[in-house]
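Chain by chain, the residues run as shown.
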Amino acid sequence: MSMINIAERHKFILGKLQEKGYVNVLELCKELDVSGVTIRKDLKLLEDKSLLFRSHGGATVHNPYTIDKPVNEKENIRREEKHNIGLAAAALIVPNDAIIIASGTSVQALAKNIQPKGHLTVITGALNVALELLRRPEIEVIQLGGHLRNSSTSVTGSYAEKILEDFSCSKLFLGVDGIDLEFGLTTTNIMEAHLNQKMMATAQKTIVLADSSKFGKRGFGRICGLEDIDEVITDHGIGEHVVKKMEDMGVKVTIV
């Protein structure tokens, strides 16, 4: 791979960023067979074009300083879709509700858009969700504990699963990495998939927040089949045949 040119390197880096949300300098050096100096120059060039933000040892799609600075045009479109999905999900919360919010960028958009009517209890394993909600005195946040995944800033493991046994909630708002009509809902981490299953058992209703790019994709860890969820909130990019298939399986599809 060492013979690839700068444009191909940049395409590879941006592709990986889009997939994972972050890149690591040392990993990129190995994968592209170039020096750290070369990768750091690449990251600086891409940052100058507002395509990423450099961080210690790598780069991220998320602005580490302010939330609203645009990454690039494509990211802005996706951010707008996630914002709209988050708004639609927030409208489903009723006064004095008790809900679970899982991890992911779509559910983080929900957290930003929650305007509680009365008291609200939120159980979450995601640190970014908890920090977003801590600013609001009318929201009681119960933070799950356990092994912290740095890629998703969320916890997994038996501690988190055990805490859930003590609760019963009206709704789970779930983010996923992939939705496949045959294989079902998936995430890239098997431990996270297992925690998501426990969350589903704790909630009366499971509502999946997923932009249309997640459809037709499979992650490594299977959470459940489509027949196990109640509603999907997505955007207009979803195909009509996919909507019909899900509705035939008894899933409510909300398009924003």
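In what follows, the structure referred to is the one given above.
Here's a quick rundown of the structure. (Residues numbered from 1 in each chain as written. Predicted model: local features only at pLDDT ≥ 70, side-chain atom pairs only at ≥ 80, totals over all residues. Heavy atoms only, no water.)

1. Thoughts on the sheet that holds strand E10 (residues 178-180)
Next up, step 1: Spatial ordering of the open sheet is given by E10-E11-E13, a layout of 3 strands whose pairing is antiparallel. The open sheet has two free edges, formed respectively by E10 and strand E13 (221-224), since each of these has just one partner strand. With direction set aside, neighbouring strand axes in the sheet form an average angle of 35°.
Next up, step 2: Bridge count between E10 and strand E11 (residues 184-187): 3 bridges; the pairing is antiparallel. Note on E11: the bridge partner recorded for Gly178 is Thr186.
Next up, step 3: In the packing of helix H8 (residues 190-202) onto the sheet, the strands contacted are E11 and E13, and the crossing angle to E13 comes to about 10°. (Pairing = 2+ DSSP bridges. Helix = DSSP H or I, 4+ residues; strand = E, 2+ residues; numbered from the N terminus. Axes fitted to C-alpha atoms, helices over the stretch in contact; angles between N-to-C directions. Contact = heavy atoms within 4.5 Å.)

2. Describing the packing of helix H1 (residues 6-20) against helix H2 (residues 25-32)
Helix-helix packing is described using two parameters, namely the angle between the two axes and the distance between the axes.
Next up, step 1: Packing of H1 against H2 leaves a shortest axis separation of 12 Å and a crossing angle of 130°. Between H1 and H2, the angle is such that the two are oblique. Between H1 and H2 lies a crossing whose hand is right-handed. On the side of H1, the interface is formed by Arg9, Phe12, Ile13, Lys16 and Lys20, while H2 contributes Glu27, Leu28, Glu31 and Leu32.
Next up, step 2: Among the residues making up the contact of H1 with H2, the classes are represented as 4 nonpolar, no polar and 5 charged. (Parallel < 35°, antiparallel > 145°, perpendicular 65-115°, else oblique. Left-handed = near helix turned anticlockwise from the far one by under 90°. Nonpolar A, V, L, I, M, F, W, Y, C, P; charged D, E, K, R; others polar.)

3. A word on the environment of Val155
Next up, step 1: Take Val155: it is sitting in strand E8 (residues 154-156).
Next up, step 2: Along the sequence, Val155 and Ser103 sit 52 residues apart, while their C-alpha atoms lie 8.8 Å from each other.
Next up, step 3: In contact with Val155, other than residues within four places in its own chain, are Gly125, Leu144, Gly145, Gly146, His147, Leu148, Ala160 and Leu195.

4. A closer look at the sheet that holds strand E3 (residues 58-60)
In a beta sheet, neighbouring strands pair by backbone hydrogen bonds and run either parallel or antiparallel.
Next up, step 1: Strand order in the open sheet made by the 3 strands is E1-E3-E2, with antiparallel pairing throughout. Edge strands, defined here as strands with exactly one partner in the open sheet, are strand E1 (22-24) and strand E2 (53-55). Here the average twist between neighbouring strands, direction ignored, is 25°.
Next up, step 2: Judged from the 3 bridges that link them, E2 and E3 form a sheet pairing that is antiparallel. Looking across to E3, one finds that Arg54 is bridged to Ala59.
Next up, step 3: Seen against the sheet, H1 touches E1 and E3 and runs at an angle of roughly 125° to E1.

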